[in-house]
Amino acid sequence: MSTIIVEDVPVDTRHWIDGQRRASASGQTFTDVSPIDESVLGEISAGGRAEVDAAVDAARRAFPAWAALPVSERSAILRRVADGIDARAEELSRVETRDNGSLLRSHRRGVMPRVGQNFRYFADHAVDAKHEDRQIRGHRERITYDPAGVVAVITPWNAPLMLATWRIGPALAAGDTVVLKPPEWAPLTASILADIMAGAGVPAGVFNVVQGTGTQAGAPLTAHPGIDRLSFTGSVPTAATIAAAAAPNIVPLSFELGGKSPLVVFADADLDLAVDLAVEQFDNAGQVCLGAFRMLVQDSVAEQFLERVVARAKGLVQGDPREPATDVSALVSRRHFERVAGFVERAVAAGARPVLGGGPNRDLGGLYFRPTILLDAQPGSEILTEEVFGPVLTLQTFATEEQAVQLANSTRFGLAATLVTGDPDRAERVSAQLSAGTVWVNCFFVRDLGAPFGGNKQSGIGREGGDWSFDFYCDVKNSVFSPNGWNQKGEG
Ligand code: NAD
């Protein structure tokens, strides 16, 4: 069956290549399972080399005409895509909730409005506004941002449509064409996006979706000689594999990877705010790359802070993400659930002490892991240094500002950091010393599409957002025009 019904919404399970639906030539499929109850949602076409070749070929053929469209015409089409997303935001929310288990209310309030915005922002901030003329020693320099070609986009499951469109929006606005490989654990909303693109008048081949697993569909896409940019969001080990696959073709990469970010709470902080920010880290069952899972708290307030966080976190409601009262849902898959449980079991075996949770939610069963807080983890142990990607927070204490900075920077990641302090001078001093792509002071998750976003160290390569996206999705050219050599007087 090529269409399944999910939450009353019909979803096509095939690829979208060159403006058409296609099943895999091999006939292979993979099974899509809902994290909510581990029920099977359907069989999705599992793409391989043949589908990747067809999609890249279609994107290459579509590129010259799309790149040649006046920016205003491309922008008008992208605005229609945004309108199409807004019109179907409720359906997209329901399908994605069922597919990846994230809260329905978060999809409705935050995620899907942002998905539309990912197109509207880059339609409004036209790439040609970046072109620039300069004078240099009597010569005119013309700096242009030219479309780069075919962009491969590979995305994870924790916010699949938001993360995909955050790349697709600027890539299409820049005049590039796209091949998207959605995550196999949450493939459905990418398929609806293809319908929306078609409805908005995006020409055939400009946007393509190849469904499938990382090894079968992702790997041939990353190694394909026909791609000009590769934008990947996912884990560090996969990024290393992808970088090696893309290396022979010297394809520019944009990597947004994992994190192990700190929440640094100073004794001078507004503790109510600090507690709120700590409890917020259980959002999306901790499956958030930016999550501040390492609570670093100054000695003198640590006990009081912990007591209050535990009390608040005990009140979190775990359950079906479609229910309005639910705060914490299930983990995305059985494999991921076991990975998270393994981290906690090993930490506890090594001496860490759960003061909240510490294992599966036995009342709910399935993939529900209880919000967990661990104390006394061994310094340098994996629970303090590796990304768990689940509802698991640790707490460490520090005495001085210097120690706080040292602890905050003590992992191989550098995606984000959150500081809570009442002292503006301290806020400036400490934020300047943190190695992180984003530092939030007395706030969390305040994001702006025009700001640079990305990670330091192993949390990524490059920045996207606003102009930084165009820097990546364009070939920047400097044309130097001499004042001499013209048939008529001057350059004209
Ligand atoms: P993952 O690395 O396992 O998979 C991500 C994507 O890569 C999937 O679509 C997968 O199919 C594909 N893939 C896997 N192997 C591949 C291969 N050999 N070649 C090509 N593609 C391949 O990550 P995940 O488990 O889906 O997502 C969780 C990770 O994503 C976490 O590390 C999280 O921090 C990170 N993440 C980062 C950001 C960010 O903006 N920095 C945002 C969200 C998630």
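Scope of this entry: the structure provided in the associated data block. (Residues numbered from 1 in each chain as written. Predicted model: local features only at pLDDT ≥ 70, side-chain atom pairs only at ≥ 80, totals over all residues. Heavy atoms only, no water.)

1. Re the sheet that holds strand E20 (residues 416-420)
Then, number 1: If you trace the seven strands from one edge of the open sheet to the other, you get E16-E17-E18-E15-E14-E20-E21, paired in mixed fashion. Each edge of the open sheet carries a strand with a single partner, namely strand E16 (353-356) and strand E21 (438-441). Averaged over neighbouring strand pairs, the angle between their axes works out to 25° when direction is ignored.
Then, number 2: In terms of strand pairing, strand E15 (residues 294-298) meets strand E18 (residues 392-398) through five bridges, oriented parallel. (Pairing = 2+ DSSP bridges. Helix = DSSP H or I, 4+ residues; strand = E, 2+ residues; numbered from the N terminus. Axes fitted to C-alpha atoms, helices over the stretch in contact; angles between N-to-C directions.)

2. Focus on the packing of helix H3 (residues 89-100) against helix H6 (residues 188-200)
Then, number 1: One way to put it is that H3 packs onto H6 with a least axis distance of 9 Å and a crossing angle of 155°. The pairing of H3 with H6 is recorded here as roughly antiparallel in orientation. Side by side, H3 and H6 meet where Leu-92, Val-95, Glu-96 and Asp-99 of the first sit next to Leu-188, Thr-189, Ile-192 and Ile-196 of the second.
Then, number 2: Among the residues making up the contact of H3 with H6, the classes are represented as five nonpolar, one polar and two charged. (Parallel < 35°, antiparallel > 145°, perpendicular 65-115°, else oblique. Contact = heavy atoms within 4.5 Å. Nonpolar A, V, L, I, M, F, W, Y, C, P; charged D, E, K, R; others polar.)

3. Considerations on the nonpolar core
Then, number 1: Among the nonpolar cores identified, the biggest contains 116 residues, and Phe-119, Ile-168, Phe-207 and Phe-305 are the most heavily contacted of them.
Then, number 2: It is helix H5 (residues 160-174) that contributes the most residues to this core, 10 residues altogether.
Then, number 3: Here this core gathers at least three residues from each of two domains, domain 1 (3-257 + 459-478) and domain 2 (262-441). (Core = buried A, V, L, I, M, F, W, Y, C linked by side-chain atoms within 4.5 Å. Buried < 20%, exposed > 50% of the residue type's maximum accessible area, 1.4 Å probe, protein only. Domains from an automatic or database assignment.)

4. A word on the site of the ligand
Then, number 1: Near the ligand lie 29 residues; those nearest to it are Lys-181, Glu-184, Ser-235, Leu-257 and Glu-387.
Then, number 2: Within the side chain of Trp-157, a nitrogen or oxygen atom sits 3.0 Å from an oxygen atom of the ligand.
Then, number 3: The contact in question runs from a nitrogen atom of the ligand to an N or O atom on the backbone of Ala-219, over 3.5 Å.
Then, number 4: Look at the ligand: alone it shows 850 Å² of surface, and the protein chains cover 89% of it.
Then, number 5: For the shell around the ligand, the elements supplying multiple residues, two or more each, are helix H7 (214-222), strand E12 (229-233) and helix H8 (236-246). (Near = heavy atom within 4 Å. Polar contact = N/O pair within 3.5 Å; in protein donor to acceptor, adjacent residues only side chain to side chain. Areas by Shrake-Rupley, 256 points an atom, 1.4 Å probe, with all protein chains shown as cover.)

5. Overview of the side chain of Ser-469
Then, number 1: Position of Ser-469 among the secondary structure elements: in helix H15 (residues 466-473).
Then, number 2: Each residue touching Ser-469, except ones within four places of it in the same chain, is listed here: Phe-122, Pro-170 and Glu-464.

6. A few points about the sheet that holds strand E24 (residues 474-481)
Working definition: the strands of a sheet are paired by backbone hydrogen bonds and lie parallel or antiparallel to each other.
Then, number 1: Read from one edge to the other, the open sheet built from three strands follows the order E7-E8-E24, with strand pairing classed as antiparallel. With partners counted over all chains shown, the strands left at the sheet margins are strand E7 (132-136) and E24, one partner each. Each adjacent strand pair in this sheet contributes to an overall mean axis angle of 25°, direction not counted.
Then, number 2: Where strand E8 (residues 139-147) and E24 come together, eight bridges link them in antiparallel fashion. Looking across to E24, one finds that Arg-142 is bridged to Ser-479.

7. Section: the pairing of strand E13 (residues 253-256)
For a regular strand, side-chain orientation follows a simple rule: the groups alternate between the two sheet faces.
Then, number 1: Sheet topology places E12 next to E13; four bridges connect them, and they run parallel. Across the sheet, the residue bridging to Thr-233 is Glu-256, located in E13.
Then, number 2: Of the pairings in the sheet, the one linking E13 to strand E23 (residues 460-461) comprises two bridges and is antiparallel in character. Paired with Phe-255 across the bridge in E23 is Ile-461.

8. Comments concerning unusual backbone geometry
Then, number 1: Phi at Asp-8 takes a positive value of approximately 70°, unusual for a residue other than glycine.
Then, number 2: Relative to the elements of secondary structure, Asp-8 occurs in the loop between strand E1 (3-6) and strand E2 (9-12).
Then, number 3: One non-glycine residue, Arg-137, lies in the positive phi region at around 45°.
Then, number 4: With respect to the helices and strands, Arg-137 occurs in the loop between E7 and E8.
Then, number 5: The exposure class of Arg-137 is exposed, given its relative accessible area of 75%.

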